[in-house]
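Read off the chains here:
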Amino acid sequence: MALTGLEIFKLLPKTNCKECGFPTCLAFAMKLSQKATELDKCPSVSDEAKTALDAAATPPIKLVAIGSGERAFEIGNEVVLYRHEKTFYHQPGLVVRVKSDDPQLAEVAGRVAGYEVERVGMTLRLDGLAVEHAGGDAATYAAAVAAAGAAAPGLPLVLISGDAAAIDAALSGGAAADRPLVHAATAANWQAMADVAKKHGCPLAIRAEAGDLAGLVDLSENVRGAGVEDLVLDPGTAGLAGDLAAFTQLRRLALKKGARALGYPIVAVAGGATWQAELARATQAVAKYAGVVIIDHLEPAAVYALLTLRQNIYTDPQKPIQMEPKLYEIGSVGADSPVLITTNFSLTYFSVAGEVEGAGVPAWLLVADSDGQSVLTAWAAGKFDAEKIAKTVKDSGIESRISHKKLVIPGHVAGLSGEVEEELPGWQIMVGPRDAVDIPNYVKNVWGA
Amino acid sequence: MSDASVTKNRTAMATITFSPSGQTIEVPAGTSLLDAAILCELDVPSPCAGQGRCGRCRVRVTSGEVERRSNAGLATAEILGGWAVACQTYTRGSAEIEVPERRRETVRPQGHALGEPESLPVTCDWRQDPAVRTFELDIEPPSLADNTNDFDRLRRALAQQHGIEEVRAELPMFRRLAKDLRKANWKVSVTLEMHDGVYGAYLPPRLIRIYPGAVSHASMGVAVDLGTTSVVVYLLDFATGRVVDSASAYNKQIACGEDVISRIIYTKRKRGLEHLQNLAVETINDLLAELQQRNRIKLYEIHEVAVAGNTTMTHLLLGLDPQYLRAEPYIPTLSAAPKLVAGELGLHANMLARVHVMPSVGSYVGGDITAGVISSGMFATDKLTLFIDIGTNGEMVLGTKDWLLSCACSAGPAFEGGGAGHGMRASAGAIEDVFIADDTLEPTFRTIDDAAAVGICGSGLIDLLGELFVTGLVDKSGHLDRGAPTDRIRVRDGVPEYVVCWAGEGGAEHDIPLTESDISGLIRAKAAIYAGFEVLCRSVGVDLADVEEILIGGAFGQYINIEKAIRIGLLPDQPVERFKFLGNTSAQGAYAALLCVSIRQDVLDVAAKMTYLELSADNSFMDEYTSALFLPHTDLAKFPSVHQTLAKRGAGPAATPESS
């Protein structure tokens, strides 16, 4: 169970020496309790305190790595129930399931490995392939896994079989080197599965029946007792309501109740008969707590939606996306084109740049460094004031590229016009519209007039 | 395009004549009317420091041409009548400007006495270890045979006659020493600062004054509470350790902005910082002059000064650039001020008198709070204590003698009567105490000094809102019940309001209503304060109910009715015995530091030990704030006593809002 800041404080030397980089021992203790710093930073911590704190410092949800090499992915180590409390750290791996007897197995594996889309400048990809044991003996399964591995080299795998011997064969056949996730140990086979996972050093999913969390706790204790450390939980639910209830309870128990047996990431086996039904379950699983989401259909419309959702949810809302502060040319600008200034919050930039472009009047767009804040926010925080505007104008070198000396400032900071005029002698400061949507009208009618 | 795009000829000058004062000033065209008025030292209110937001700096242009960049807050008829917003109106050529007369507010006398030496917070034996002492000396005159220099003669006498082996002095003292000794015929009294504070290495006593003959003059100290709104100066006699008098006035900086943010913005003007520094010193000097006159002392008999103020006020007094306090990551220049003497700051005390400035903890937890923690005694207790100082900023400290955690939440000026349409500071005519009858829904109230009602002060606002809530006239989200059987609820300009005092009632000149928007402002302010309590407790993992003592300091605190403050969810619902009013803790801390040398170390320790929690660093404050945006709170379980009251009165939670 996590210690409170005060409990940790009592274990610290209380010297307020500041060597940890925090102003007081209490400030350091509070950061420790939020797991936002390391105990090692305290130069004079006692051994006794270390032991007590180390125990408390274990993350409530273990970090588990699946795969090896470049495309390996990590899941778990989450610390909050709601993203707005802090952020979500490790996005769930999206894995496509194929049956081991599927004649198109190699072809699907290749498509999964090669799938790639770009969104807001980032490349989004699928994370793995799950090979489900569909009849046949251990050697047949091992061959199918080997074929999948050959068709998609480096792509993390999930081995799905209830037969420990089949898993053992596949892992012994070379798959072990890639650290696939083994799915799954159940009440019936846990001993054999645990032995195989331990022998090959692979993460192991444990699966209960129909959301039986007590059963999951038993299983967890058993396989951990057998020496497997990296676990992934599968509550064995089917359907939206069951998934939501089980996943939420698992996350709460791990974070709020300190349930160590359940302090592992979750795998959602979302595959369904139609891609639409599957998409609904997968969507919920991405939003609510899954570490791995397994789907059956490589349907582009569904996959793109899932990747987009995942990207949105796992972007830290507390770090605004910023544009590089510099002079942007919109259209084929000339010496008489208008000069507009705004801040470097990406949404602000895209709104303004989009409207300027839409206006069809080429323009110089100066983007000031406001630490990624929008115009009014930056103004209120003193990050978009007359001084900053003047500095941006001077540093940009715009003056030598234009024949006029007119600067359009956002209408929301109209009050700054006098001060900017003082900071930029010789410039004429014009007050532009408050909202980007009014820019076309402004540059066409007011600027030209 | 507006006037703003017209390029101005910068070399042109404009002559501005102000009426009714008749002052004339020549300024470059393009100077704002506000700046011109300030140059003439005219009293034009400017709560937002010339940002063009508040619209309070209105003046009337009676002739001449001006350039209006904004007419914020003015009606068309007013603009046609020549009214203009002074900070947004710029001179073009000569013009005549009428400055409306300002209604003067008087300061409420600080009725409470400071603690007497017997009630000082800790074991501080000021008699054993006095800060300032005066000694009589009979110095042997020099001769050809004994050509020891003047200062060494004085030193020798001090050692022989009083056992004080070492003494030092500074240049201004040396410059007068030769004459002073000879004029007094070598029989003098010397005043020494016995301990040079606690800053660094030990330094021997310092000579701060010398006068002829036996010990006959007073030896006084001054404790200053340098508030954003008001400044209080306490005069103490080092002979008895007692406060002999006090005086208070509004901080003269108010003309340059009513809150600290506006003042920080003001310092960005040309010589703005210098101006604010002067105003702070002037405010204190005026009060010193008042005390001097009343108590028949001489200003040079003031031998030591201690000042407690928030971080911004401290920066402004010292002339430090405060603008980094306001911008992320909110960093002050210093915590503890360097060694200073009154002469360096321009304070009208003995120019060699040491000035102690209470150290601050963070940008929004200043020396006033450090002083408060000292005077409240919480730095020496085992009990889990919450200390709060409610003003424009709600500063609070949670802790025991082992740890202290502080934060500041911006409540805005609501509790000082700002923000509300008929809000006012606590001065004569302010409604401060309200009761609303259950049956008739008629209010009875009391005003300060029993004067005719003019407006409602902070404590009156809390009282009134609490009463409106328990009588069911306001629902938990702050909406007035328009269907209630009383004509005091009416709608003006689309906004419902409750008229607490009709024009003519008790001599009031106009109706005094509380509008729904006033109410929502109050709810936001109280939510910010309460959220601060919750976040402080949560961030160290204790429960608000575990707090054993809740100490309320600050000038405003003493007038709060606890029960009613709990009712609206401003204070936590704890047994009344746990609350204690401490009065002006900022000044008390300064007073303790002045009198007790040992306390000066405690003050520094407290400032170093106190952890400052930056509420904007994560979302927990926002969450708590949102939950607290109801009367008394979203979670009624946190306010069991309010729940009971409501149940008894049969109003409240069951009643659903009929208006929205």
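Residues numbered from 1 in each chain as written. Chains lettered and ligands numbered in written order. Predicted model: local features only at pLDDT ≥ 70, side-chain atom pairs only at ≥ 80, totals over all residues.

Novice: Got a sec to walk through the sheet that holds strand β19 (residues 443–447) of chain B? Specific residues and values, please.
Specialist: Residues and elements named next belong to chain B. Read from one edge of the open sheet, three strands run β19-β18-β20, paired in mixed fashion. Two strands in the sheet have a free side with no partner beyond their single neighbour: β19 and β20 (455–456). With five bridges joining them, strand β18 (residues 430–436) and β19 adopt antiparallel strand pairing. Along β19, the bridge assignment pairs V434 with F445. Strands in contact with helix α11 (residues 458–470) are β18 and β20; relative to β18, the strand with the most contacts, it is inclined by about 15 degrees. (Pairing = 2+ DSSP bridges. Helix = DSSP H or I, 4+ residues; strand = E, 2+ residues; numbered from the N terminus. Contact = placed C-beta atoms within 7 Å. Axes fitted to C-alpha atoms, helices over the stretch in contact; angles between N-to-C directions.)

Novice: Could you give an account of the sheet that holds strand β11 (residues 242–250) of chain B, naming the residues involved and the relevant values?
Specialist: Two strands in a sheet stick together by hydrogen bonds in their backbones, pointing the same way (parallel) or opposite ways (antiparallel). Residue and element names in this part refer to chain B. Pairing is mixed across the open sheet formed by six strands, whose spatial order is β11-β10-β9-β12-β14-β13. With partners counted over all chains shown, the strands left at the sheet margins are β11 and β13 (340–341), one partner each. Where β13 and strand β14 (residues 354–357) come together, two bridges link them in antiparallel fashion. Bridged to L340 within β14 is V355.

Novice: Provide a residue-level description of the pairing of strand β6 (residues 128–132) of chain A, including the pertinent values.
Specialist: Looking down a regular strand, the side chains alternate between one sheet face and the other. All names here are of chain A. Across the five residues that make up β6, a large majority, five, are buried. Judged by which residues are buried, β6 turns out to be covered on both faces: G128, A130 and E132 on one side and L129 and V131 on the other are all buried. As defined by bridge partners, strand β3 (residues 93–99) adjoins β6 across five bridges and the pair is classed as parallel. Bridging from a neighbouring strand, V96 pairs with L129 of β6. As paired elements, β6 and strand β7 (residues 157–160) share four bridges and run parallel to each other. Directly across from V131, in β7, lies its bridge partner L159. In this region the chain leaves β6, passes through helix α5 (residues 138–151) and returns to the parallel neighbour β7; the handedness of that crossover is right-handed. (Buried ≥ 20, exposed ≤ 12 C-beta atoms within 10 Å, placed from the backbone. Right-handed = clockwise from strand over helix to strand, strands pointing away.)

Novice: Outline the confidence of the model for chain A, supporting the account with residue identities and numerical values.
Specialist: Of all residues in chain A, 98% attain a pLDDT of 70 or more, and the chain-wide mean is 89. Across chain A, element-level confidence peaks in strand β14 (residues 339–343) of chain A with a mean pLDDT of 96 and bottoms out in helix α3 (residues 47–57) of chain A with 76. (pLDDT = per-residue confidence, 0-100.)

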